[in-house]
Amino acid sequence: MTRQIGGRTVADGRTLNGSTALDEQGAHSPATTIADVSQIPGIRIAHHTDEENGTGCTVIVCPAGATGAVDVRGGAPATRETDLLRPEETVDVLHAVVLSGGSAYGLAASVGVAEELERRGIGLAFANPNVRPTAADGARACALALDNAPTPLPRGNVGAGCGCTVGKLGGPTRAMKSGLGTDVEQAGPLLCGAVAAVNACGNVVDPDTREVIAGMRSQDGTGFVDECELALSMAARMPLDPGHDGSARPPVRTNTTISCVITNARLTKAQATKVAQMAADAYAHAIRPTHTTNDGDSVFVMTTGEVEVPVDVVGILATRALERAIADGARSAKTSHGLVGAASL
């Protein structure tokens, strides 16, 4: 329904004049004229403009937090954290949206926004804001990869595995150190390798024997607690869920087993996606429980396109490589920062 109010036509029936009025549902409209998007209560907006080079960014901030959602329809998006806004994920509040030029490289602007919000105590709190990989660290690792001849990749407490832990349902005092693991499997000319940084909420088990490699330790430290049974016995909620009173129970949403499958198979993007979906089963084979609301599990696939092999064969071999890489990440970790590592036992 369209009405003329205060000299302006408003399609949804809301008044934009200076007086308080009631719409058709009886709700009060704003008492003052809202003439600009920046005047919406609770929202702050500003630009950075680089006129000389023809680029810039716009930042929309809601310091108190807003319910967020996204719809990506384009075929070539350059985005960050949009998966978290899917309805089934655990994050339902966002504090800023960054609209940036520069394509994928312009996403660096969102890093600056996140750091500024953190400095002001807005949004997700991190244990130590001074301890995290930086852009310079990423550039350094990339240069090392490109400028040196291939050598066996170190495993355990290195790279993305340096800060990894597992078995956290009982809190940090019962958890164990984990790390980065690798594996390579071969079937004729087909190669499937996997690299996994194992930072899981659950316990890591040997995919062949089902024995626990690292995880939540028993009170006396001589054995392991079955986290699946622990969660079922608690029934009402998982120990890492936020408190019903809104209080945080750290470490909430600080668990992510991230991995990459590398294969010489010739695959389309759709086929590579299928391989990633199949390889994700490796998490269920080697981590118990897995894919919880406190985990951010992700599997990437890279194919070099040299060998023509059925996609299912690639998926099976990739799953085997990844489950063994996950086990290797737990098995290779040494005791560090007060957390016991399986390699030190």
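Small disclaimer: the values here were computed from a predicted structure and weren't measured.

*Asks:* Help me get a handle on the layout of surface pockets, residues and values and all.
*Replies:* By volume, the second largest pocket amounts to about 720 Å³. Ala141, Ala145, Leu153, Pro154 and Gly159 are the residues nearest the centre of the second largest pocket, which is lined by 22 residues in total. At four residues, the largest contribution of residues to the lining of the second largest pocket is made by helix 2 (residues 135–147). The class makeup of the residues in the lining of the second largest pocket is 18 nonpolar, four polar and no charged.

*Asks:* Report on the side chain of Thr263, specifying residues and quantitative values.
*Replies:* Structurally, Thr263 is set in strand 12 (residues 258–265). Take Thr263: its relative accessible area is 2%, and that puts it in the buried class. Polar side-chain contacts of Thr263 include one of 2.8 Å to the backbone oxygen of Leu191. A distance of 3.1 Å separates a polar atom in the side chain of Thr263 from the backbone nitrogen of Ala265. When residues no more than four places from it in sequence are discounted, the contact partners of Thr263 are Leu190, Leu191, Cys192, Met302, Thr303, Thr304 and Val314.

*Asks:* Describe in detail the confidence of the model for the protein, supporting the description with residues and values.
*Replies:* Residue-level pLDDT values for the protein average 85, and 85% of them are 70 or greater. Long-range and interchain partners of residues 1–28, a stretch whose pLDDT sits below 50, account for 44 contacts in this model, where long-range means more than four residues apart. Every residue in residues 244–248 is under pLDDT 50, and counting partners more than four places away or in other chains gives two contacts.

Rules behind the numbers
Residues numbered from 1 in each chain as written. Predicted model: local features only at pLDDT ≥ 70, side-chain atom pairs only at ≥ 80, totals over all residues. Heavy atoms only, no water. 1 Å grid on protein atoms, 1.4 Å probe; cavity = no way out; pocket = protein on both sides within 12 Å on 5 of 7 lines; lining within 4 Å. Points joined across faces, edges and corners; volume = space filled by probe spheres on them. Helix = DSSP H or I, 4+ residues; strand = E, 2+ residues; numbered from the N terminus. Nonpolar A, V, L, I, M, F, W, Y, C, P; charged D, E, K, R; others polar. Buried < 20%, exposed > 50% of the residue type's maximum accessible area, 1.4 Å probe, protein only. Polar contact = N/O pair within 3.5 Å; in protein donor to acceptor, adjacent residues only side chain to side chain. Contact = heavy atoms within 4.5 Å. pLDDT = per-residue confidence, 0-100.

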